[in-house]
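The lines below spell out each chain.
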Amino acid sequence: MKVAVLGAGAIGAYVGAALHRAGADVHLIARGPHLAAMRQHGVRVLSPRGDFTSRAHATDDPAEVGPVDYVFLGLKANSYAACGPLIEPLLHDSTAVIAAQNGIPWWYFHRHGGPHDGHRLESVDPGGAVSAVLAPERAVGCVVYAATELREPGVVQHLEGTRFSVGEPDRTVSKRCLDFSEAMVAGGLKCPVEPDLRCDIWVKLLGNISFNPISALARATMRQMCLHGGTRRVIETMMAETLAVAGALGCEVGVSIERRMAGAEKVGDHRTSTLQDLERGKPLELDVLLAAVVELAEITGVQVPTLRTVHAISDLLALRSAA
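In this report, the structure presented in the accompanying data block is examined.

Criteria and cut-off values
Residues numbered from 1 in each chain as written. Predicted model: local features only at pLDDT ≥ 70, side-chain atom pairs only at ≥ 80, totals over all residues. Heavy atoms only, no water. Axes fitted to C-alpha atoms, helices over the stretch in contact; angles between N-to-C directions. Helix = DSSP H or I, 4+ residues; strand = E, 2+ residues; numbered from the N terminus. Parallel < 35°, antiparallel > 145°, perpendicular 65-115°, else oblique. Left-handed = near helix turned anticlockwise from the far one by under 90°. Contact = heavy atoms within 4.5 Å. Nonpolar A, V, L, I, M, F, W, Y, C, P; charged D, E, K, R; others polar. Pairing = 2+ DSSP bridges. 1 Å grid on protein atoms, 1.4 Å probe; cavity = no way out; pocket = protein on both sides within 12 Å on 5 of 7 lines; lining within 4 Å. Points joined across faces, edges and corners; volume = space filled by probe spheres on them.

Things to note about the packing of helix α8 (residues 229–248) against helix α9 (residues 257–267)
Consideration 1: The geometry of α8 relative to α9 is characterised by a closest axis approach of 10 Å and an angle of 130° between their N-to-C directions. In this view, α8 runs oblique relative to α9, as classed from their interaxial angle. Relative to α9, α8 is oriented so that their crossing is right-handed. Contact residues: Arg232, Ile235, Glu236, Met239, Ala240 and Leu243 in α8; Ile257, Arg260, Met261 and Glu265 in α9.
Consideration 2: Its residues assigned to classes, the contact of α8 with α9 comprises six nonpolar, no polar and four charged.

Focus: the sheet that holds strand β10 (residues 155–160)
Consideration 1: What the four strands build is an open sheet, ordered β4-β3-β10-β9; its pairing is mixed. The open sheet has two edge strands, β4 (52–54) and β9 (147–152), and neither has a second partner. Between one strand axis and the next, the sheet turns by 25° as a mean value, whatever way the strands run.

Remarks on empty space enclosed by the protein
Consideration 1: Under the definition given, this model contains one cavity of 30 Å³ or more.
Consideration 2: Taken as a whole, the largest cavity encloses approximately 90 Å³ of empty space.
Consideration 3: Split by residue class, the lining of the largest cavity holds eight nonpolar, five polar and one charged.

Below, the structure written as structure tokens:
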């Protein structure tokens, strides 16, 4: 199995290192000091489950890699539309693109069935720019339940979780999903193939849609948001509105708001990825987390006043931080 990790940051390098440890032909595509460190020392993974080092091939030139069986996409979703020159050299007729993104993916309505089948979401695929680069037919969905961060260039700190759920947009259990899952498991990760990954997407989104923008607006950790009474109520309302949208699209999320809040509080003083991006001056990945659900609410006729309010304020923050 030949795998390219496009965007080999904290999550991408962690997955690439695990696959390489299991014997896959892995190519890590990155840049800057992180790339230099991986070239010199490999990827060092520090984990409560045991440290290890992987010396997978690392490069900044996808043409040097050539066509692969799988592209594991570790880029932020707001970079997808511009990644054409990077991904094109990696593709052959049957290359699968495994997009490890948070939020609502560009392929959400591809082979969805029902009245919205094939609908394009403007908030995540503006003008079809993402679909033009990443054909929905290539897409394998991936919901990441692992938490990692770059401790320093070339060093990935694995904090918790090893689950990467994958699934086909058309709800089939395909050979390409099963083969990828087998390789991930051989590398020490959990990788269930879900018949309907969209429900997993909503489970993960339940936390991201609320905690991520609020953390950036308040500069607060998970614990701080959970313990502040007023903020906690806002987050619970956002979650309730999100569940209503999911239900209108046929996804019943089997996790209660109470359980989701309890789990978040246990995480402690963790800074969400959106807050980390804000502190580092990076673009905020809020369209797929928040704007997409507001758009889905419009399609389904669900009232989401709190989501709309937080979206308006956080959108202004995103615009100002990008200026």
